[in-house]
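Structural overview
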There are 2 protein chains.
Amino acid sequence: MSFKVTVLGSSSAIPTSSRFTSAQIVNISERFFLIDCGEATQIQLRKFKIKFSKINHILISHLHPDHYLGIFGLMSSFALMGRKNPLHIYCFKELKELIDSQFKYYYGSLGYRVEYHFLNQDVSEEIYNDNILTIKTIPLKHRIPTSGFLITEKPKELNIKKDIISYYNLCIKDIIQIKRGFDFIKENGEIIKNSELTEPPISPKSFAYCSDTLYNESIIEIIKNVDLLYHEATFLLSEKDRAIETYHSTAFDAATIAKKANAKKLLIGHFSARYRTSDELLKEACAVFENTIAAEDGLVIEI
Amino acid sequence: MSFKVTVLGSSSAIPTSSRFTSAQIVNISERFFLIDCGEATQIQLRKFKIKFSKINHILISHLHPDHYLGIFGLMSSFALMGRKNPLHIYCFKELKELIDSQFKYYYGSLGYRVEYHFLNQDVSEEIYNDNILTIKTIPLKHRIPTSGFLITEKPKELNIKKDIISYYNLCIKDIIQIKRGFDFIKENGEIIKNSELTEPPISPKSFAYCSDTLYNESIIEIIKNVDLLYHEATFLLSEKDRAIETYHSTAFDAATIAKKANAKKLLIGHFSARYRTSDELLKEACAVFENTIAAEDGLVIEI
């Protein structure tokens, strides 16, 4: 099962000519989730060759313009391209009002259904669940209600060892039972332990998206042991006062959270336009948490 | 006096990876007018090195998303960059409602004043007038109220011929009077005809922006003899039915208007994403009106 994150925008509030504002695509076995949708996300989707028709779920962390402005253009293009599939939007309820107001003077109806799933700022809640993954919210601390998202694969079935199927002449019913952890009972009544028949599955993978937020240790419990943590790092530690004032994190903060949460890898992004490159931010984070990478528009991370 | 048009977006409703949606910058002697503001116009401004602080006037032709969506991000960046100068927006009145709704959940106040100048769909009106230029509207025919814009330099003063100042020992008052067309009266009462003292000024230049519109001959009277006509050419003539259905023009239509209006040069743009290049559109227009060029993002035209 593939689990890939593509960065579409890595700048903070003001885009630059090389960094668009926040947006990421999570692709889990060809199920696509767009997290945040900064201005011109649709242009980035084209640039990085992600098909519009694959996107059925958009998650918006909060209502600052750099995290949602692109949704109007994307929704408009969906309509112009003849979309029929419903679009699911997970967001704070005010976004519906902003979307409704934008489409008031539109060409006509969008032509597809929009289903809103409103977020709750107070607790971590499951907002999505299918046969292979779940998504729950991560309450963040920002100037306005803001939510991160934890995407977790469901535990996979056991793998049957090589040659076991032919050796015991297993039928499909036997295979399903064994993959679920049951022992195998031969026709003569002999019991073969499940552990002799199977190998453990690849452990389920997880991705946490935490932007925008003040340094906030209360998220650690939710994101514990995550495979990939995206945590905003708008500033360097030398701008800590500005980070606190604007409810943002430093690269040092992001790395500290990654370390305390025992994350396997950290991706930092949402860089202030004051930094020409991410070099110093990356250096600061790596000093605390070595396995850190810096977001760039177009970067793809396989989990 | 310089008079330059920079194309920031040349696609129609759906942007592509090489063509953003409608926006053009008109620079007349360092006075900048942004006409239309499609999604991510702020990114194009950076790419083509136009300073945000120079933009004090934004003209929006109509309320289809590909002509205004970028205004939110641009206005947000103005605020984040500490803008203090008032911003003048010329638009149909509903845009104010859309802007107000977007900034309802903003960081705080924008920090600069926004002055709206509402357009009237029914007649061509002067909406701007300073010491060097005027702007008037061009009522267009589209699905919703839509206005083009005609920017015209004011007539310039006469140029005094070389050596005349020293020959007649002219004072500043004399020079001003002669530049305004008066004859010069020497101390002995002799009258020197103005035509002997001056040369005609460079004739005032003009630019007309006509997008989006159905083929509409009623604009010809307004744009007669314009130096540069930008006219949308969403489709080829082979898609004329689609053009009529969506209230757009073909390249043939644009060229016919240019010819009938006796324009000096035609710029076509707002191309449908169905055309990979503008080659066929340009060919179609040139067959009717030879001095035609096709818009590309980043193209600069000196009038």
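Residues numbered from 1 in each chain as written. Chains lettered and ligands numbered in written order. Predicted model: local features only at pLDDT ≥ 70, side-chain atom pairs only at ≥ 80, totals over all residues.

**Some remarks on the overall build of chain A**
Here is the rule: Helix and strand labels come from DSSP, where a helix needs a run of H or I of at least four residues and a strand needs a run of E of at least two; each type is numbered from the N terminus. For every residue, the other C-beta atoms within 10 Å of its own C-beta are counted; 20 or more classify it as buried, 12 or fewer as exposed, and values in between as partly exposed. C-beta atoms are placed from the backbone. Here the contact rule is simple: place C-beta atoms from the backbone, and any two residues whose C-beta atoms are within 7 Å are in contact.
Within chain A, the secondary structure is distributed over eleven helices and 18 strands. Each of the three principal axes of chain A carries a C-alpha extent, and together these read 75 × 55 × 35 Å. Relative to its full complement of 303 residues, chain A shows a buried share of 43%. The long-range share in chain A, meaning contacts at least 24 apart out of those at least 6 apart in sequence, stands at 63%.

**Focus: the relation of the copies chain B and chain A**
The condition that has to hold: Overlaid copies result from least-squares superposition on C-alpha atoms, with residues included only where pLDDT is at least 70 in both.
When chain B is fitted to chain A, the best match, at an RMSD of 0.1 Å, comes from turning it 180° and sliding it 0.1 Å along the axis. Taken together, the rotation angle and the small translation identify this as a two-fold axis. Relative to the rotation axis, the closest C-alpha in chain B is found at B:Ala40, a distance of 2.8 Å. Here 100% of the contact residues of chain B are again contact residues in chain A; the copies associate through an equivalent surface.

**Topic: the interface of chain B and chain A**
This is how the line gets drawn: Residues are grouped as follows: nonpolar covers Ala, Val, Leu, Ile, Met, Phe, Trp, Tyr, Cys and Pro; charged covers Asp, Glu, Lys and Arg; every other residue, Gly included, is treated as polar.
With 27 residues of chain B in contact, the opposing surface of chain A contributes 27 residues. Contributing elements (two or more residues each) for the side of chain B that touches chain A: helix H1 (41–47), helix H3 (70–80) and helix H4 (94–102) of chain B. The element that contributes the greatest number of residues to the side of chain B that touches chain A is H3(B), accounting for five residues. Tallied by class, residues from the side of chain B that touches chain A come to 14 nonpolar, eight polar and five charged.

**Re unusual backbone geometry**
Omega for the peptide link from A:Ser211 to A:Asp212 comes to -5°, which places this bond in the cis form. By secondary structure assignment, the location of A:Asp212 is in the loop between strand E14 (206–210) and helix H8 (220–223). Its identity is not glycine, yet A:His270 carries a phi of approximately 60°, on the positive side. Inspection of the secondary structure assignment puts A:His270 in the loop between strand E16 (265–269) and helix H11 (279–288). C-beta crowding within 10 Å serves as the criterion here: with 30 such atoms nearby, A:His270 is assigned to the buried category. Phi is positive for B:Asn225, which is not a glycine, with a value near 65°. Summarising the element assignment, B:Asn225 is placed in the loop between helix H8 (220–223) and strand E15 (228–232).

**Here we look at the pairing of strand E14 (residues 206–210) of chain B**
The two faces of a sheet get side chains in turn, since along a regular strand they alternate between them. Residue and element names in this part refer to chain B. Here is the rule: Criterion used throughout: strands pair if DSSP finds at least two bridges between them.
Within E14, five of the five residues are buried, which leaves it mostly tucked inside the rest of the structure. On E14, burial covers both faces: Ser206, Ala208 and Cys210 on one face and Phe207 and Tyr209 on the other are all buried. Examined bridge by bridge, strand E9 (residues 147–153) and E14 share four bridges and lie antiparallel to one another. Within the sheet, the bridge partner assigned to threonine 152 lies in E14 and is serine 206. In this structure, E14 lies alongside E15, joined through four bridges in parallel fashion. Paired with alanine 208 across the strands is leucine 229, a residue of E15.

**Let's talk about the packing of helix H10 (residues 251–260) of chain A against H11(A)**
Residues and elements named next belong to chain A. Just so we agree on the cut-off: Inter-axis angles, ranging from 0 to 180 degrees, are taken between N-to-C directions of lines fitted to C-alpha atoms, where helices are fitted over the stretch in contact. Angles below 35 degrees are treated as roughly parallel, those above 145 as roughly antiparallel, those between 65 and 115 as roughly perpendicular, and all remaining angles as oblique. Crossings are sorted by hand: turned counterclockwise from the far helix by less than a right angle, the near helix makes the crossing left-handed, and turned clockwise it makes it right-handed.
Taken N-terminus to C-terminus, the directions of H10 and H11 make an angle of 30°; their axes are 8 Å apart at the nearest point. The angle between the axes of H10 and H11 places the two elements in the roughly parallel class. Considering only the axes of H10 and H11, their crossing is right-handed. Taking contact as the criterion, the partners of Ala251, Phe252, Ala254, Ala255, Thr256 and Lys259 in H10 are, on H11, Leu281, Glu284, Ala285 and Val288. Residue composition of the contact of H10 with H11, grouped by class: seven nonpolar, one polar and two charged.

**A short note on the sheet that holds strand E3 (residues 31–35) of chain A**
All names here are of chain A. The strand order across the open sheet formed by seven strands is E6-E5-E4-E3-E2-E1-E18, and the pairing between neighbours is mixed. Both edges of this open sheet fall to strand E6 (114–118) and strand E18 (300–302), since each of them pairs with a single strand only. With direction set aside, neighbouring strand axes in the sheet form an average angle of 20°. Judged from the six bridges that link them, strand E1 (residues 3–9) and strand E2 (residues 23–28) form a sheet pairing that is antiparallel. Across the sheet, valine 7 pairs through a bridge with glutamine 24, a residue of E2.

**Focus: the nonpolar core**
Note the cut-off: Each nonpolar core comprises buried Ala, Val, Leu, Ile, Met, Phe, Trp, Tyr and Cys residues, the members being joined through C-beta atoms within 7 Å.
Core analysis: the largest hydrophobic core is formed by 150 residues, its most contacted members being A:Leu229 and B:Leu229. In this view, B:Leu229 contacts B:Ala208, B:Cys210, B:Ile223, B:Ala258, B:Ala261, B:Ala263, B:Leu266 and B:Leu267; residues no more than four positions away in its chain are not counted.

**Considering the domain arrangement of chain A**
Interface size, as often reported, equals the accessible area lost upon joining of the parts. The cut-off we apply is this: Domain delimitation in this document rests on an assignment produced automatically or drawn from a domain database.
Taken domain by domain, chain A consists of domain 1 (3–156 + 202–302) and domain 2 (159–199). Inter-centroid distance (C-alpha atoms) of domain 1 of chain A to domain 2 of chain A is 43 Å.

**Describing the packing of helix H4 (residues 94–102) of chain A against H4(B)**
For the pair H4(A) and H4(B), interaxial distance at closest approach is 10 Å and the crossing angle is 165°. Classified by the angle between their axes, H4(A) and H4(B) sit roughly antiparallel to one another. Handedness of the H4(A)/H4(B) crossing: left-handed. Counted together, A:Leu98, A:Ser101 and A:Gln102 of H4(A) and B:Leu98, B:Ser101 and B:Gln102 of H4(B) form the full contact between these two elements. Partitioned by chemical class, the residues of the contact of H4(A) with H4(B) number two nonpolar, four polar and no charged.

**Section: H4(B)**
Since the α-helix turns once every 3.6 residues, residues separated by three or four places project in the same direction. Inclusion rule: Think of the arc as the fan of directions from the helix axis to the C-beta atoms.
Listing the buried residues of H4(B) in full gives B:Leu95, B:Leu98 and B:Gln102. The arc enclosing the buried residues of H4(B), seen along the axis, measures out at 60°, which places them on a common side. For H4(B), the secondary structure elements touched by its buried residues are H4 of chain A together with helix H2 (65–68), H3 and strand E5 (87–91) of chain B.

**Notes on the sheet that holds strand E18 (residues 300–302) of chain B**
Residues and elements named next belong to chain B. An order of E6-E5-E4-E3-E2-E1-E18 is seen for the seven strands of this open sheet, with the pairing classed as mixed. Each having just a single partner strand, strand E6 (114–118) and E18 make up the two edges of the open sheet. Neighbour-to-neighbour, the strand axes of this sheet turn through a mean angle of 20°, independent of strand direction. Sheet topology places strand E4 (residues 55–59) next to E5; three bridges connect them, and they run parallel. Each bridged residue has a counterpart across the sheet, and for leucine 59 the counterpart in E5 is tyrosine 90.

**Re the environment of A:Asp279**
Residue and element names in this part refer to chain A. Summarising the element assignment, aspartate 279 is placed in helix H11. Owing to 10 C-beta atoms within 10 Å, aspartate 279 belongs among the exposed residues under this scheme. In this structure the C-alpha to C-alpha distance between aspartate 279 and alanine 294, which are 15 residues apart in sequence, comes to 8.3 Å.

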